[in-house]
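Descriptive structure summary
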Amino acid sequence: DSEPASTERREEAHPMEGITKPGRNDVLCGRGHGANNHPGNIRFRNLLRYYKLRYVAAWKAEKPKVAREVVNVWRAMDPPGRFLIQSKS
């Protein structure tokens, strides 16, 4: 039921809330110049280019598996890749 200790330590070191400075592997969700030019967004687009042909060639039922693989690869980076949305507050 509980997650491995290494996963818990990673989450403590790289929280998903209260982030004041996004890291190099963080994807800033949103539109505009800031999100588009953030280093994490650029790196993520490069990763997507790597998987694009596989995704396009995949059958409809396989496309979600390719997408999950991309997300898993991104989250396994060091530091972990995160997908961040700016809070309203």
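Coordinates for the structure precede this section.
My aim in this report is to walk through the structure given alongside it, one point at a time. (Residues numbered from 1 in each chain as written. Predicted model: local features only at pLDDT ≥ 70, side-chain atom pairs only at ≥ 80, totals over all residues. Heavy atoms only, no water.)

Quick look at helix α4 (residues 63-75) now. Along its 13 residues, α4 runs 19 Å from first to last C-alpha, staying within 8% of the 18 Å computed at 1.5 Å per residue. Among all positions of α4, only Val-66, Val-70 and Trp-74 are buried. The buried residues of α4 occupy one face: seen down the axis, they fall within an arc of 75 degrees. (Helix = DSSP H or I, 4+ residues; strand = E, 2+ residues; numbered from the N terminus. Expected span 1.5 Å × (residues − 1). Buried < 20%, exposed > 50% of the residue type's maximum accessible area, 1.4 Å probe, protein only. Arc of directions from axis to C-beta.)

Right, let's talk about the environment of Ile-19 for a bit. Mapping Ile-19 onto the fold places it in the loop between α1 (5-13) and β1 (26-29). Linking Ile-19 and Ser-87, residues 68 residues apart in sequence, is a C-alpha distance of 9.9 Å. Contacts of Ile-19, omitting those with residues within four sequence positions, involve Arg-82 and Leu-84. (Contact = heavy atoms within 4.5 Å.)

Next up on the list: helix α3 (residues 39-57). Compared with an ideal rise of 1.5 Å per residue, which puts 19 residues at 27 Å, α3 spans 28 Å between its outermost C-alpha atoms and is within 8% of the ideal. The largest bend in α3 amounts to roughly 45 degrees and is located at Tyr-51. If you check which residues of α3 are buried, you get Gly-40, Asn-41, Phe-44, Leu-47 and Tyr-51. Residues of α3 that are buried in the fold lie against β1, α2 (33-37), α4 and β2 (82-85). (Bend = angle between axes of the 7 residues up to and from the residue.)

Tallying each qualifying case throughout the model produces three salt bridges. For Asp-26, the salt bridge identified is with Arg-82, shortest N-O distance 2.7 Å. Of this pair, Asp-26 sits in strand β1 while Arg-82 sits in strand β2; the two residues are 56 residues apart in sequence, bridging distant segments of the chain. By relative accessible area, Arg-82 is classed as buried at 9%. (Salt bridge = Lys/Arg side-chain N within 4 Å of Asp/Glu carboxyl O.)

Attention now moves to the environment of Tyr-55. Mapping Tyr-55 onto the fold places it in helix α3. Separated by twelve residues in sequence, Tyr-55 and Ala-67 place their C-alpha atoms 7.7 Å apart. Ignoring any residue separated from it by four or fewer positions in sequence, one finds Tyr-55 in contact with Lys-63 and Val-66.

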